[in-house]
Amino acid sequence: IIVIMMVMNRFPSAFVLWFCCYQLVLPNNNVAFGASDTCTTATKFEFLQDLENKYSHEPVFLQAVEEMALAVEPLFSDPDNGSFYKRAFVVMTEPERILSFRVPWTDDDGNIQHNRGWRVEFNSALGPYKGGLRFHPTVDLGLLKFLGFEQIFKNALTGLPMGGGKGGSDFDPKGKSDNEVRRFCQSFMTQLYRYLHPSTDVPAGDIGVGGREIGYMYGQYKQLTNRHGEAVLTGKSILFGGSNIRPEATGYGCVYIAKIAIKNKLQRSLSGSRCAISGGGNVAQYAAEKLLEYGAKIITISDSDGVLIFDKGMTKSDLELFFEAKQEKRLRLQSIEDKVSSGRYVPNESPWSLDDIKYDFAFPCATQNEIDGPMVSRLIKNGCLGFFEGANLPISLEGQQVIRSSPNVIYIPGKAANAGGVGVSGLEMAQNAQRLQWKREDVDSKLQEMMSSIYDQMEQHQGDNGSLETGANRAGFIKVANAMRELGLIW
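Residues numbered from 1 in each chain as written. Predicted model: local features only at pLDDT ≥ 70, side-chain atom pairs only at ≥ 80, totals over all residues. Heavy atoms only, no water.

A look at the overall build of the chain
When you go through the chain residue by residue, the secondary structure sums to 17 helices and 12 strands. In terms of overall size, the chain behaves like a compact globule, its C-alpha atoms giving a radius of gyration of 25 Å where 491 residues would be expected to give roughly 23 Å. Its C-alpha atoms give the chain principal-axis dimensions of about 90 × 55 × 55 Å. Long-range contacts, defined here as pairs at least 24 residues apart, represent 71% of the contacts in the chain between residues at least 6 apart. (Helix = DSSP H or I, 4+ residues; strand = E, 2+ residues; numbered from the N terminus. Rg over C-alpha atoms; globule rule 2.2 N^0.38 Å. Contact = heavy atoms within 4.5 Å.)

Regarding the sheet that holds strand S1 (residues 97-106)
In spatial order, the strands read S1-S2-S4-S3-S5; together these 5 strands make up an open sheet with mixed pairing. What marks the edges here is a single partner per strand, and that holds for S1 and strand S5 (201-204). For this sheet, the mean angle separating the axes of adjacent strands, direction not counted, is 20°. Strand direction decides the pairing type here: S1 and strand S2 (residues 112-123), joined by 10 bridges, are antiparallel. Each bridged residue has a counterpart across the sheet, and for isoleucine 98 the counterpart in S2 is valine 120. (Pairing = 2+ DSSP bridges. Axes fitted to C-alpha atoms, helices over the stretch in contact; angles between N-to-C directions.)

With respect to the packing of aromatic side chains
Following the criterion strictly, the structure yields 31 aromatic pairs and no others. Summarising the aromatic geometry, the rings of phenylalanine 149 and phenylalanine 153 are spaced 5.1 Å apart at their centres and angled 80° between planes, so their arrangement reads as edge-to-face. Separated by 4 residues within a single helix, phenylalanine 149 and phenylalanine 153 lie in helix H6 (residues 141-158), roughly one turn from each other. Here phenylalanine 149 and phenylalanine 153 have matching classes, each one buried. Taken together, the ring pairs in this structure connect Phe45, Phe47, Tyr55, Phe61, Phe76, Phe84, Tyr85, Phe89, Phe122, Phe149, Phe153 and Phe477 into an aromatic cluster. A cation over a ring is seen here: lysine 145 above tyrosine 55, with NZ or CZ 3.4 Å from the ring centre. (Phe/Tyr/Trp six-rings, centres within 6.5 Å; stacked < 30°, edge-to-face > 60°. Buried < 20%, exposed > 50% of the residue type's maximum accessible area, 1.4 Å probe, protein only. Lys NZ or Arg CZ within 6 Å of the ring centre and 35° of its normal.)

Things to note about helix H13 (residues 397-404)
It helps to recall that an α-helix has 3.6 residues per turn; residues three or four apart then point in one direction. Among all positions in H13, only Gly399, Gln400, Val402 and Ile403 are buried. Burial along H13 is one-sided: seen end-on, the buried residues are contained in an arc of 155°. (Arc of directions from axis to C-beta.)

Overview of the sheet that holds strand S11 (residues 386-388)
Read across the open sheet, the 7 strands follow the order S9-S8-S7-S6-S10-S11-S12; overall the sheet is mixed. The open sheet has two free edges, formed respectively by strand S9 (343-347) and strand S12 (410-412), since each of these has just one partner strand. Neighbouring strand axes in the sheet, compared pairwise and without regard to direction, differ in orientation by 15° on average. Bridge count for S11 against S12 is 3 bridges, and the pairing is parallel. If you follow phenylalanine 388 over to S12, its bridge partner there is isoleucine 412.

Focus: the pairing of strand S6 (residues 274-278)
Counted residue by residue, S6 has 4 buried out of 5 residues, so it is predominantly covered. Relative to strand S10 (residues 361-364), S6 is paired through 4 bridges, and the arrangement is parallel. Following the sheet pairing, cysteine 275 is matched in S10 by phenylalanine 361.

Things to note about the pattern of salt bridges
All told, the structure shown has 26 salt bridges when counted by the stated rule. The closest approach of N and O atoms between arginine 344 and aspartate 311, which form a salt bridge, is 2.9 Å. Taken as a pair, arginine 344 in strand S9 and aspartate 311 in the loop between strand S8 (306-310) and helix H11 (316-328) lie far apart in primary sequence, 33 residues in all. Taking the relative accessible area as the measure of exposure, arginine 344 reaches 33% and is therefore partly exposed. Salt bridges linked by common partners bring Asp303, Asp305, Lys326 and Arg332 together as one network. (Salt bridge = Lys/Arg side-chain N within 4 Å of Asp/Glu carboxyl O.)

Quick word on the environment of leucine 133
Counting through the fold element by element, leucine 133 comes out in strand S3 (residues 129-135). Given the relative accessible area of 0%, leucine 133 is considered buried. In sequence terms leucine 133 and glycine 167 are 34 residues apart; their C-alpha atoms lie 4.6 Å from each other. Apart from residues lying up to four places away in sequence, leucine 133 is in contact with Arg119, Gly167, Gly168, Phe188, Leu192, Pro203, Ala204, Gly205, Asp206, Ile207, Val209 and Met217.

Right, here's the structure in full:
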């Protein structure tokens, strides 16, 4: 400021010239600055532009929003309720509450480590927040918002009174000792427990959070609260309030709904069909078990290091080795290549990146965006007739567009295909409330009824284009929107 004043006093005409030039340039500078702070994503929905501007740094979340908006787009033009549906959609894209916290823990060398933890309590119109906890180094707020947004509509399809939420941490259980995992889980629950209640928020497991982690967290909850038997976590051990079929539910449910769709849309069965599965977690494991039970020929399973190919189809003994490697010994698939009957391991590939193998049906059960557009095109060209998402949003937006341009190909999105897991979590909550434990066959029967009901909802709401994907999205959205209106949350 002092320098400018001196220049003004000494060279007034020069200062005026400089100032005028600066004013001419300034508007362009402002535009450039503003442009760097806004989202450049071109959305076809004008009423969502503000959302995209605010969350341009969360592309996966925006992808989920865009996918949902495209599916329910005809509702926005409804002459009676179109304006209401737009308002409802915008409100649904903002979480009701976001919890963020530090998670300190001690490693085996006595060093203090820190990770970040979150719980996104997205929507409670239909019931308490319900959704898993994910422990993985890729976890951040944007990823959890994407998962929580999807969870709202998935839970709505189950017919159970559950809202949508998601949580987790960037902690990586891989390579950690049992004691390190235990200490982290106990610290995580110490931060989260005060926000949990059977009528408020009930987390479950997800990637990196299985029965071991749920047990450690539930044990810490019990220590902190002196309460037992409450449904504040699902996916618990059968020894302390868990439900039969819960570990199997997502994989089983995905196959149950695929079986119905294949029969209704293609007039064929899974028996003898060549099926590709990606992933090595619970979903992939139990999808493989159920597909084998139905006589399908499983060609692939995978993990993050590569893909194990069964040229002659997976056998029951191969499945047992798969279970042992992943559930007991926590091994990579490459370690069982020489033990399985007809398997060959290909590193750094996935079932969807292989050029020379043909599948009838694809069951992506690994992670989001694992199948892109060119992969989908190649799969369909090679004869793939259906995609059933065991994971959340495993097919990219580009890949989804390719499927939509192939009307004879079945596509059931994750919010329907993998809803069996959270559905049985809801049944676990019901059993906890009753202080009862239902028989395995009873829970499995309810799961099959639930997946059949979800399929019926998809057919009922699929609209003129006959898309099951559209039906799943519209059915979930309309149910949540109407509940929010009746609660006075939207008008």
